[in-house]
Every structure is written in C-alpha cells, then in structure tokens.
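# Structure at a glance
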Amino acid sequence: FELRVVVWDCEKVPRVDTLEDAIDIFITGKLDDGTTLKTDTHFRSTNGRGSFNWRMVFPVKLPLKSNRITFQIWDKDIFSRNDYVSEA
C-alpha cells in the first residue's frame, strides 16, 4: 500500500539565517518507521512563503504499528548544515 501526501505551500516561515534576507525552504515528511521524504527547495523566499505542489509517496505495510507522520520545515544551506525551522 501507499500513503500519498501533497505539500502545496507554506507561509509565515521565519528566517533563521542572520546573514541573509531570504530563506531557502524545503519540507520533510517522516513516518515513525524512519521513512523520510522531502520536497524540492523553494529558493530565496523573502516573505516566508513557499510553493511546492510536491507529492510524497510513502510505501506502507498494513497494519501499521504507528499512524504518525511528522513534517519539518528546513532552511537549505550550501556550505553548512541545513537549519531546522519548525515541526508539525
């Protein structure tokens, strides 16, 4: 079976880099079994909004041991580690 999730967009994402006036947003989805998928990156958002239209397709085996999925927002960095922004 598959669990399909569509990430359309996000808004009000705070900038976490103090050196830049923009944030490079991507979103990860993680199941409790450790399966993690991510969207593409919305580069140079200056207003905290990102648009994706991205489909995450998680392979699952039923019955599930846990039915939790966690989404995280990240700021992509090229020369250092990505910055964690938020989680739901």
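Let us look at the structure shown here. Here the structure is a predicted model, which is why all the values come from computation and not from measurement.

### Digging into the side chain of Thr-39
Within the secondary structure layout, Thr-39 lies in the loop between strand 3 (36-38) and strand 4 (42-45). Contact partners of Thr-39, with chain neighbours within four places excluded, come to Val-7, Phe-26, Ile-27, Phe-52, Trp-54 and Met-56.

### A closer look at the packing of aromatic side chains
If you walk through the whole model with that rule in mind, you get two aromatic pairs. Centroid distance Phe-26 to Trp-74: 6.4 Å. Interplanar angle 15°. Geometry classified as stacked. Within this pair, whereas Phe-26 is found in strand 2 (residues 23-31), its partner Trp-74 is found in strand 6 (residues 69-75), the two being separated by 48 residues in sequence. Accessibility expressed as a relative area gives 4% for Phe-26, which makes it buried. Ring geometry for Trp-74 versus Tyr-84: centroids 5.6 Å apart, planes at 75°, classification edge-to-face.

### A closer look at the pairing of strand 6
Both strand 2 and strand 6 contribute to a ladder of seven bridges, which runs antiparallel. The residue bridging Phe-26 from the neighbouring strand is Trp-74, located in strand 6. Direction of pairing for strand 6 relative to strand 7 (residues 83-87): antiparallel, over a ladder of four bridges. Paired with Gln-72 across the strands is Glu-87, a residue of strand 7.

### Re the side chain of Asp-75
As for its placement among the helices and strands, Asp-75 is situated in strand 6. Contact partners of Asp-75, with chain neighbours within four places excluded, come to Val-16, Asp-17, Ile-23, Asp-24, Phe-26, Asn-82, Asp-83 and Val-85.

### Here we look at a nonpolar patch on the surface
There is a patch of nonpolar side chains on the surface, built from Phe-1, Leu-62 and Leu-64 and spanning about 360 Å² of accessible area. Within the secondary structure layout, Phe-1 lies in the segment before strand 1 (2-10).

### Concerning the environment of Arg-15
With respect to the helices and strands, Arg-15 occurs in the loop between strand 1 and strand 2. Given the relative accessible area of 44%, Arg-15 is considered partly exposed. Residues Arg-15 and Thr-28, 13 residues apart in the sequence, show an inter-C-alpha distance of 17 Å. With residues up to four places along the chain from it excluded, the contact list for Arg-15 reads Glu-20, Asp-21, Ala-22, Ile-23 and Thr-46. A polar atom in the side chain of Arg-15 sits 3.3 Å from the backbone oxygen of Asp-21.

Analysis parameters
Residues numbered from 1 in each chain as written. Predicted model: local features only at pLDDT ≥ 70, side-chain atom pairs only at ≥ 80, totals over all residues. Heavy atoms only, no water. Helix = DSSP H or I, 4+ residues; strand = E, 2+ residues; numbered from the N terminus. Contact = heavy atoms within 4.5 Å. Phe/Tyr/Trp six-rings, centres within 6.5 Å; stacked < 30°, edge-to-face > 60°. Buried < 20%, exposed > 50% of the residue type's maximum accessible area, 1.4 Å probe, protein only. Pairing = 2+ DSSP bridges. Patch = residues over 30% accessible without salt bridge, like charges linked within 9 Å, V, L, I, M, F, W, Y side chains within 5 Å. Areas by Shrake-Rupley, 256 points an atom, 1.4 Å probe, with all protein chains shown as cover. Salt bridge = Lys/Arg side-chain N within 4 Å of Asp/Glu carboxyl O. Polar contact = N/O pair within 3.5 Å; in protein donor to acceptor, adjacent residues only side chain to side chain.

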